[in-house]
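Now for the letters of each chain:
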Amino acid sequence: MTRPHRIIEGTAILDRLHNVLTRYVVLPSVESKDAVVLWIAASHAQPAWAHAPRLVIRAPEKRCGKSRLLDVVEGTCCNPLITVNASTAAVYRSIGSDEPPTLLVDEADTIFGGKQAETNEELRGLLNAGHQRNRPTIRWDNARNRVEKISTFAMAALAGIGQMPDTIEDRAVVIRMRRRAPGETVSPYRHRRDGPALRQLANDLNEWLRGNLPTLERAEPTMPLEDRAADTWEPLIAVADLAGGDWPERGRHAAESLTAERDSNTVASDRIRLLTDCRTAFGTAEAIPTAVLLDRLKADPEAPWAEYGGAGLTAMRLGALLREYEIRPETIRFAQPVGQAKGYRTTAFTDAWQRYATDPESDPEAEPYQPYQPYQPSSEAVRLAPVVRLKPYQGTFDEMPPPPSDLDAAARPEATGTA
């Protein structure tokens, strides 16, 4: 009778954590939310795990709610140790204990990006090694004249702008935050007011999971992933299986979805200027060929695109820069003389323009310092006219009309003719 009681209790506790997360932070997907809930819960059962998954909270720009999410993680995880800038030696000593903390690193992009990357290479190595149990660092203790082994095993969450080092993200559950769109709201979080309720939830999670450590240590959940991804997600799936209800299915779906998303997004950088310039380049066009878009971007003498990367912005670099916002080119049939070509539709940019290419000072409804909620497409979104295939041209080249002098003519999708 005790076992069913524990499973029901676990389901209720995870549901409570899910509700708390929804109240203060709205993540980009249901899968992201479920993953964060399971990661927080797994931190309370660190002694049971062979691997300590990292939680990477990344955003393409500032004001995307990543620090607020880290606040909630700190309030509900096990034994949190949060820092913005700490020496590698201090982190080693903090982790190397019988009860390691859950390490939380905010502004991680300042540690692993730019000139600091090489300086903090040792910290990156610590985070990589600490993903797996029994990977200690070895130091020589001059005072005791002996070799000292320091444990590196601990769960860790890192929040920052842009992509973290590949070796860290390869060991992580990656949450890709976005700036909230106009009209999206969440409840404000106040540490002094709301913190005690979060810590009570943390205590409940700890009591439930620590009471089931033997079960979790023996757990061998069926995994939808392989290799390192399976190692990373196994603690989360084990917690989901222990909780029961619909959590086992939700946990596995989140594992598959977020791992596929992580693997398909490998380029990160500052792209706000590119989004703004693309909106100008589109004008009133509903779709535009990639070649025309590149020409317009590089034609602006005040923009960096003519010399971007040394030789100028290319179609491949353009695609890599826009991929972080889920904007991808597609094959579109345009009016002649362009015909069928790779290009971009305005609708692919709509969400990113609303979130990143707006001026908060000119929008009275904007609340730039609150996390976002998921974007709901507007009924007024730009709609393309239906594309109709033209019959092949039967005349001679001398009879063909001259190409349009205005690039807008080539940027219009083909919408007339007979099938």
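Residues numbered from 1 in each chain as written. Predicted model: local features only at pLDDT ≥ 70, side-chain atom pairs only at ≥ 80, totals over all residues. Heavy atoms only, no water.

### Examining the overall build of the protein
Stage number 1. Across its full length, the protein holds 17 helices and ten strands.
Stage number 2. Out of the 419 residues in the protein, the part that is buried amounts to 47%.
Stage number 3. Here the analysis covers contacts within the protein between residues at least 6 apart in sequence; of these, 76% occur between residues at least 24 apart.
Stage number 4. Carbon together with sulfur atoms contributes 50% to the accessible area of the protein, which is approximately 20,800 Å² in total. (Helix = DSSP H or I, 4+ residues; strand = E, 2+ residues; numbered from the N terminus. Buried < 20%, exposed > 50% of the residue type's maximum accessible area, 1.4 Å probe, protein only. Contact = heavy atoms within 4.5 Å. Areas by Shrake-Rupley, 256 points an atom, 1.4 Å probe, with all protein chains shown as cover.)

### Details of the packing of aromatic side chains
Stage number 1. One pass over the structure, following the stated rule, counts seven aromatic pairs.
Stage number 2. Centre to centre, the rings of Phe282 and Trp353 are 5.9 Å apart; their planes meet at 80°, and the pair counts as edge-to-face. In this pair, Phe282 sits in helix α13 (residues 272–282) while Trp353 sits in helix α16 (residues 346–356), placing the two residues 71 residues apart along the sequence.
Stage number 3. Overall, Phe282 belongs to the buried group, its relative accessible area being 1%.
Stage number 4. With 5.9 Å between their ring centres and 65° between their planes, Tyr344 and Phe349 make a pair best called edge-to-face. Here the two residues Tyr344 and Phe349 agree in accessibility, since each one is buried.
Stage number 5. Sitting over the ring of Trp247, Arg250 keeps its end group 3.8 Å from the ring centre. (Phe/Tyr/Trp six-rings, centres within 6.5 Å; stacked < 30°, edge-to-face > 60°. Lys NZ or Arg CZ within 6 Å of the ring centre and 35° of its normal.)

### Describing the pattern of salt bridges
Stage number 1. On inspection of all chains with the given rule, the structure shows 18 salt bridges.
Stage number 2. Linking Asp351 and Arg355 is a salt bridge whose minimum nitrogen-to-oxygen distance equals 3.0 Å. Highlighted residues: Asp351 and Arg355, both in helix α16, separated by four residues, approximately one helical turn.
Stage number 3. Residue class for Asp351 comes out buried when judged on its relative accessible area of 19%.
Stage number 4. The network of salt bridges with common partners includes Arg58, Glu169, Arg176, Glu324, Glu326 and Arg328. (Salt bridge = Lys/Arg side-chain N within 4 Å of Asp/Glu carboxyl O.)

### A closer look at the packing of helix α2 (residues 30–43) against helix α12 (residues 247–263)
Stage number 1. Contact geometry of α2 with α12 gives a least axis separation of 9 Å together with a crossing angle of 110°. In terms of orientation, α2 and α12 fall into the roughly perpendicular class. Crossing geometry of α2 relative to α12 is assigned as left-handed. Side by side, α2 and α12 meet where Glu31, Ser32, Asp34, Ala35, Val37 and Leu38 of the first sit next to Trp247, Arg250, Gly251, His253, Ala254, Ser257 and Leu258 of the second.
Stage number 2. Class assignment of the residues belonging to the contact of α2 with α12 gives a composition of six nonpolar, four polar and three charged. (Axes fitted to C-alpha atoms, helices over the stretch in contact; angles between N-to-C directions. Parallel < 35°, antiparallel > 145°, perpendicular 65-115°, else oblique. Left-handed = near helix turned anticlockwise from the far one by under 90°. Nonpolar A, V, L, I, M, F, W, Y, C, P; charged D, E, K, R; others polar.)

### As for the sheet that holds strand β3 (residues 102–105)
Stage number 1. The parallel open sheet is built from five strands, whose spatial order is β2-β3-β6-β1-β7. The sheet is open, and its two borders are formed by β2 (80–83) and β7 (172–176), each paired with just one other strand. Here the average twist between neighbouring strands, direction ignored, is 15°.
Stage number 2. Here strand β1 (residues 54–59) pairs with strand β6 (residues 156–161) via six bridges, running parallel. Across the sheet, residue Arg54 finds its bridge partner in β6, namely Ala156.
Stage number 3. The strands touched by α2 within the sheet are β1, β3, β6 and β7, with β7 carrying the most contacts at an inclination of about 140°. (Pairing = 2+ DSSP bridges.)

### A look at the side chain of Asp34
Stage number 1. Looking at the element boundaries, Asp34 is found in helix α2.
Stage number 2. Residue classification places Asp34 among the buried positions, given a relative accessible area of 2%.
Stage number 3. A polar contact is formed between the side chain of Asp34 and the side chain of Arg250, at a distance of 2.8 Å.
Stage number 4. Sequence-distant contacts of Asp34, that is, excluding residues within four places in its chain, are made with His18, Trp247 and Arg250. (Polar contact = N/O pair within 3.5 Å; in protein donor to acceptor, adjacent residues only side chain to side chain.)

### What to know about helix α7 (residues 121–129)
Stage number 1. All of the buried residues along α7 are Leu123, Arg124, Leu126, Leu127 and Asn128.
Stage number 2. If you follow the buried residues of α7, they end up packed against β1, α4 (88–95), β3, α5 (109–112), β6 and α8 (166–169).

### Some details on the packing of helix α3 (residues 66–76) against helix α9 (residues 191–210)
Stage number 1. Relative to each other, α3 and α9 sit at 50°, their axes nearing to 7 Å. Taken together, the axis directions place α3 and α9 in an arrangement best described as oblique. Taking contact as the criterion, the partners of Val72, Glu74, Gly75 and Thr76 in α3 are, on α9, Leu198, Arg199, Leu201, Ala202 and Leu205.
Stage number 2. For the contact of α3 with α9, a count of residues per class yields five nonpolar, two polar and two charged.

### Quick look at the confidence of the model for the protein
Stage number 1. Confidence in the prediction for the protein averages 80 pLDDT; 79% of positions are at 70 or higher.
Stage number 2. In this model, residues 415–419 is a region of pLDDT below 50 whose contacts with residues beyond four sequence positions or in other chains number 13 contacts. (pLDDT = per-residue confidence, 0-100.)

### Things to note about the sheet that holds strand β8 (residues 287–289)
Stage number 1. Strand order in this open sheet of three strands is β8-β10-β9, and the pairing throughout is antiparallel. The sheet is open, and its two borders are formed by β8 and β9 (330–333), each paired with just one other strand. Looking at each pair of strands side by side, their axes are set apart by 60° on average, direction ignored.
Stage number 2. Pairing of β8 with strand β10 (residues 340–345) involves three bridges; the strand directions are antiparallel.

### Concerning the side chain of Thr152
Stage number 1. Relative to the helices and strands, Thr152 resides in the loop between β5 (146–150) and β6.
Stage number 2. Side-chain polar atoms of Thr152 contact the backbone oxygen of Arg135, separated by 2.7 Å.
Stage number 3. What Thr152 contacts, discounting residues up to four positions off in sequence, is Tyr92, Ile95, Leu126, Ala129, Gly130, Arg135, Pro136 and Thr137.

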